[in-house]
Amino acid sequence: SPKPPKPYSPSFEELNKLIKTRNERAQDRLHPKAKPLPDRLAPDESKEVEALLRKRGVVSKAGREQVADKDLQRLRPATWLNDEIINFYGQLILSRAEEAESLKENAPNKPLKVHYFSTFFWPKLHETGYEKGRIAKWTKKVDIFSKDVVLLAVNHGNSHWTSAAINFKAKRIEAYDSMGYRRNDIYLVSR
């Protein structure tokens, strides 16, 4: 009778290659690569933006916030953002969160329950520190403890906007700065 074939025994190099391939596949599943952002808008999107920039007066409203043509000009490169732009975007986030709260609790990919404080909240909090009466005025219409995240817009020296978040879900305070600076003053609000 014929001899049975020798059992396959991979070499050390083959085993390392197999392990490396499996690890790479796992990393790709855990951390999928994001699609690169386009360097310019599509022609039809560019026309839509130009039409909005040519519009005069109030261009859009969301909740109690609105943006006018002079505010939209601040979205052009090398210009400073103002409170109206920041508050308008915050209101868009808040509106989307409120709309999502009406979804079923077990809906897949349900957005976080979010509250946004206007750009005027941080200076008040920073000036006076935590005074229960003052904070109560800002929170009398909303139970912030029922939210997953409370967002704050923070202006540093009237020259740079950052964002802070009270993340109730993760039980921490977070500071986000597009320039990568550490913003320790966000964590120290006591005067």
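Residues numbered from 1 in each chain as written. Predicted model: local features only at pLDDT ≥ 70, side-chain atom pairs only at ≥ 80, totals over all residues. Heavy atoms only, no water.

Caption draft 1: Looking closely at the pairing of strand S6 (residues 172-176). The pairing of strand S5 (residues 160-167) with S6 spans five bridges and is antiparallel. Bridging from a neighbouring strand, Asn 167 pairs with Arg 172 of S6. The antiparallel pairing of S5 with S6 creates a hairpin that spans four residues between the two strands, and Lys 171 there sits at a positive phi of about 60°. (Pairing = 2+ DSSP bridges. Helix = DSSP H or I, 4+ residues; strand = E, 2+ residues; numbered from the N terminus.)

Caption draft 2: Main features of the sheet that holds strand S3 (residues 114-117). Overall, mixed pairing links the four strands, which are arranged S3-S4-S5-S6 in an open sheet. Looking along the sheet, the strands with just one partner apiece sit at the ends: S3 and S6. In this sheet, adjacent strand axes meet at a mean angle of 25° when their direction is disregarded. Helix-sheet contacts for helix H4 (residues 83-101) involve S3, strand S4 (149-156) and S5, and the interaxial angle to S3 is about 160°. (Axes fitted to C-alpha atoms, helices over the stretch in contact; angles between N-to-C directions. Contact = heavy atoms within 4.5 Å.)

Caption draft 3: Representation of the nonpolar core within the structure. Grouped together as the largest cluster of nonpolar side chains are eleven residues: Phe 117, Phe 121, Trp 122, Leu 125, Val 142, Ile 144, Val 150, Leu 152, Val 154, Ala 164 and Ile 186. Secondary structure elements with two or more residues in this core: helix H5 (121-128) and S4. In this structure, Val 154 is in contact with Trp 122, His 160, Trp 161, Thr 162, Ala 164 and Ile 186, ignoring residues within four places of it in sequence. Formed by ten residues, the second largest nonpolar core is a distinct cluster that contains Ile 86, Leu 94, Val 114 and Ala 153. (Core = buried A, V, L, I, M, F, W, Y, C linked by side-chain atoms within 4.5 Å. Buried < 20%, exposed > 50% of the residue type's maximum accessible area, 1.4 Å probe, protein only.)

Caption draft 4: Representation of unusual backbone geometry. The backbone phi angle of Asn 158 is positive, close to 55°, even though this residue is not glycine. You can call Asn 158 exposed: its relative accessible area is 69%. Even without glycine at this site, Lys 171 takes up a positive phi of about 60°. Inspection of the secondary structure assignment puts Lys 171 in the loop between S5 and S6.

No statement about biological role is implied by the geometric values presented.
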